[in-house]
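# Survey of secondary and tertiary structure
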Amino acid sequence: MDYVTGVLTKVMVDYFEDDYRRIEHAIDVLMHIEIIADSCQDELEYDDEILIASALIHDVGIKQSEAELDYNNGQTQEKYGPPGAKELLEGCGFPEEKIEMVCKIIGNHHTKSRFESVELELLKAADQIVNKMDG
Ligand SMILES: [Fe+2]
């Protein structure tokens, strides 16, 4: 495991505390995003750190949404996700110039993409696969 994956896995686990379902989901999404990204690395250009961070903390908005509203859905996740992700990434020394993009991806992963990003499309694909397997 590389350094960024290790640090961000710890950040994510600390954040979700005993919510093992969310922790497992994040790790499953990371596994799948790496498989998909590896298989198309000749055709696609993506940033590894943005990809890993997006996969591991894409659902941080769920916790905040449930705490404040007692429910979560795609829309509330996209609202609460980016500020939560920004705080976590800033707190662990993640490369500063990549934080905004990770937050943008997290704020877009449940709707029709509002901008073009390989990492966003890879996250959506991996999240869908994992959600299908869980469903
Ligand atoms: Fe997800």
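Our subject in this report is the structure included herewith. (Residues numbered from 1 in each chain as written. Predicted model: local features only at pLDDT ≥ 70, side-chain atom pairs only at ≥ 80, totals over all residues.)

### Some points on the packing of helix H2 (residues 20-39) against helix H7 (residues 118-134)
In contact at an axis separation of 8 Å, H2 and H7 are set at 125 degrees when each is read in the N-to-C sense. Here H2 lies oblique to H7, going by the angle between them. Between H2 and H7 lies a crossing whose hand is right-handed. Touching His25, Asp28, Val29, His32, Ile33, Ile36 and Ala37 of H2 are Leu122, Leu123, Ala125, Ala126, Asp127, Ile129 and Val130, all from H7. (Axes fitted to C-alpha atoms, helices over the stretch in contact; angles between N-to-C directions. Helix = DSSP H or I, 4+ residues; strand = E, 2+ residues; numbered from the N terminus. Parallel < 35°, antiparallel > 145°, perpendicular 65-115°, else oblique. Left-handed = near helix turned anticlockwise from the far one by under 90°. Contact = placed C-beta atoms within 7 Å.)

### Describing the nonpolar core
Burial of nonpolar side chains together is a common tendency in soluble globular proteins. Ranked by internal contacts, the top residues of the largest apolar core, which has 31 residues, are Ile33, Ala53, Ala55, Leu56 and Ile57. Tallying contributions element by element places helix H3 (residues 48-57) first for this core, with seven residues. Setting aside residues no more than four positions away along its own chain, Ala53 makes contact with Leu8, Leu89, Phe94 and Val102. (Core = buried A, V, L, I, M, F, W, Y, C linked by C-beta atoms within 7 Å. Buried ≥ 20, exposed ≤ 12 C-beta atoms within 10 Å, placed from the backbone.)

### Side note on the environment of Cys103
Among the secondary structure elements, Cys103 is positioned in helix H6 (residues 96-106). Once the C-alpha coordinates of Cys103 and Val13 are considered, the two residues, 90 residues apart in sequence, prove to be 18 Å apart. In contact with Cys103, not counting residues within four places along its chain, are Pro82, Ala85 and Lys86.

### Here we look at helix H5 (residues 74-91)
Taking 1.5 Å of rise per residue, 18 residues should cover 26 Å, and H5 covers 25 Å from first to last C-alpha, within 8% of that figure. Turning to H5, its buried residues number three or more, namely Gln77, Tyr80, Gly81, Pro82, Gly84, Ala85, Leu88 and Leu89. If you follow the buried residues of H5, they end up packed against helix H1 (3-16), H3, helix H4 (60-69) and H6. Backbone geometry just downstream of H5 places Gly93 in the positive-phi region, at approximately 80 degrees. (Expected span 1.5 Å × (residues − 1).)

### Some remarks on H4
For H4, the full list of buried residues reads Val60, Gly61, Ile62 and Ser65. Buried-residue contacts for H4 involve H1, H2, H3 and H5. Positive phi shows up at Asp70, right after H4, with a value of about 75 degrees.

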